There are 2 protein chains.
Amino acid sequence: MIATIVGTGLIGGSLAITLKEKGVANWIIGVDQSEANLVKAQELKIIDEGASLKDAMLRSKLIILAIPVDALLQILPTVMDHAGPEHVIMDVGSTKEKILQLVAGHPNRGRFVAAHPMAGTEYSGPEAAIKNLFTQKTMVLCDVKNSDEDALEVVENLVEKLQMRLVYMNGVEHDLHTAYVSHISHITSFALALTVLEKEKEQGRIFELASGGFESTVRLAKSSPDMWVPIFKHNRNNVLDVLDEHINQLQQMKQLLESEDYETFYKLIQKSNKIRKILK
Amino acid sequence: MIATIVGTGLIGGSLAITLKEKGVANWIIGVDQSEANLVKAQELKIIDEGASLKDAMLRSKLIILAIPVDALLQILPTVMDHAGPEHVIMDVGSTKEKILQLVAGHPNRGRFVAAHPMAGTEYSGPEAAIKNLFTQKTMVLCDVKNSDEDALEVVENLVEKLQMRLVYMNGVEHDLHTAYVSHISHITSFALALTVLEKEKEQGRIFELASGGFESTVRLAKSSPDMWVPIFKHNRNNVLDVLDEHINQLQQMKQLLESEDYETFYKLIQKSNKIRKILK
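What comes next concerns the included structure. All values derive from a computational prediction rather than experimental measurement.

## As for the packing of aromatic side chains
Link 1 in the chain: Taken as a whole, this structure holds 6 aromatic pairs over all chains when the rule is applied.
Link 2 in the chain: With centroids separated by 5.6 Å and ring planes inclined at 40 degrees, the aromatic side chains of A:W228 and A:F232 adopt a geometry described as tilted. Of this pair, A:W228 and A:F232 both sit in helix 9 (residues 225-234), 4 residues apart, roughly one helical turn.
Link 3 in the chain: Residue A:W228 is classed as buried on the basis of its relative accessible area, which comes to 5%.
Link 4 in the chain: Counting every residue linked through ring pairs, the aromatic cluster contains A:F190, A:W228, A:F232 and B:F265.

## Thoughts on the pattern of salt bridges
Residues and elements named next belong to chain A.
Link 1 in the chain: The final tally for this structure, using the stated rule, is 22 salt bridges over all chains.
Link 2 in the chain: The salt bridge partner of K20 is D48, with a shortest N-O separation of 2.8 Å. A residue pair is termed long-range when its members are at least 10 positions apart, and K20 in helix 1 (residues 10-21) and D48 in the loop between helix 2 (35-43) and strand 3 (49-50) qualify at 28 residues.
Link 3 in the chain: Judged by its relative accessible area of 22%, D48 is partly exposed.
Link 4 in the chain: With its nearest N and O atoms 3.9 Å apart, the salt bridge here joins E43 to K40. Of the two residues, E43 and K40 both sit in helix 2, 3 residues apart, roughly one turn of that helix.

## Some points on the sheet that holds strand 5 (residues 88-91) of chain B
All names here are of chain B.
Link 1 in the chain: Ordered in space as 3-2-1-4-5-6-7-8, the 8 strands form an open sheet in which the pairing is mixed. Single-partner strands in this sheet number two, and they are strand 3 (49-50) and strand 8 (165-169).
Link 2 in the chain: In terms of strand pairing, strand 1 (residues 2-6) meets strand 2 (residues 27-31) through 5 bridges, oriented parallel. Residue pairing across strands places A3 opposite I28, the latter belonging to strand 2.

About the thresholds
- Residues numbered from 1 in each chain as written.
- Chains lettered and ligands numbered in written order.
- Predicted model: local features only at pLDDT ≥ 70, side-chain atom pairs only at ≥ 80, totals over all residues.
- Heavy atoms only, no water.
- Phe/Tyr/Trp six-rings, centres within 6.5 Å; stacked < 30°, edge-to-face > 60°.
- Helix = DSSP H or I, 4+ residues; strand = E, 2+ residues; numbered from the N terminus.
- Buried < 20%, exposed > 50% of the residue type's maximum accessible area, 1.4 Å probe, protein only.
- Salt bridge = Lys/Arg side-chain N within 4 Å of Asp/Glu carboxyl O.
- Pairing = 2+ DSSP bridges.

Dropping the structure here:
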């Protein structure tokens, strides 16, 4: 099968590598608005060739859209308009509701499968692409009842070959859940980095003491604004809800410290320890 | 050398293992108010024997206090009163100002070296003790001018054998810096866990989507309240300062989302990306 990857960055590039390795595709065409990325991706042997979207669609069965969600919303109508029964269009965007609204009722809607691999790193670009990024991670497929059976089958087969766990939900659920287990983590990391960088201006030696715990909570702050601003924009209501709740929790802790109510603080930490049952 | 470790948990236990392995001590006496921990530590061959503090001090040259900072403040006067010129007393507490105030002017002050290894995990107890916890990590020694030269030499030799980087500061600096690069990370992790656990009650499927980014920012929420409440208590002013600043940053992000000022939000994330220069 010939597959086209639109967006040859961290996710698209890692998919390209893995699809070839697992035998899902034997030829990968890369499409990228950045010529530099395309050249880089070919140098790194992530893709076999670069092409325009139009040319690539003429020759590919599977088209994977792996670009930031705002760019995705812009390009998707064109891709859908040119989709034929021979095509399977799959996106891997981090928010789903707006994308699903956009394709709803399109005559070629059945050829589209909305997917989100819950995997990534804080790096971006073709150089960040790695093997095994997806192994044992979760792939969410959204609103699959609106996809044609044969298109869904192609994607489900891909998920299996990638050794991913499969979860089905609707777009509304997806966007709510990712706000809680992904988007807020990035917000807190960005904010924490800003807090500490601000302080460093006065206190140059702060980072001498940084250790694993700090790195763990702040590493997501290396993530690209090109990817994350569109996510926050498209999932604004959910992100605002969870951010509100998070600020409330922090304010409660602040008040307990101010009033020196360490007993209640102790109980709060005990309660938060229940996260152990979730994390391995 | 015979060494006594008071508190045979994660830090004390890991120290015990490493001191033996690196030949700093050839016999380790464990002291712990929990009989169960002592038995466990001996079973795991972390310590060679358990003893009372008094007996242990009679036979040891090096006494390492590896207990939560509130318990440390309680036990330290007794240890200092019984210290002789043959002893080196070293603590590994996570806050330093109050401890240094407590020993200031004590007739045996010179025998005491205030230390803080910037290493740990989110686990606790003797079972959590591991080899190589300290390798390539930073050891902070505080106010060393008030320690006797020979006592300091014993600790500096230990730091070298543990293959740790050595940093000197005063207690005030230490407590300020750790508030920024350690204590606030724990607060945000606890608060994030509470935020998400709260939501899970309504939305059971949330954790199906949790991936590496979430785990990274929340893993510190597994940390023990026995260790952390005393830290927040003793470093209350610094922690409140940084918590205030962190809440401000989050509120700023919230306002930008509310007003849909994505341009400024983009710039903020770019600014926070500068944390790259700190983290590897």
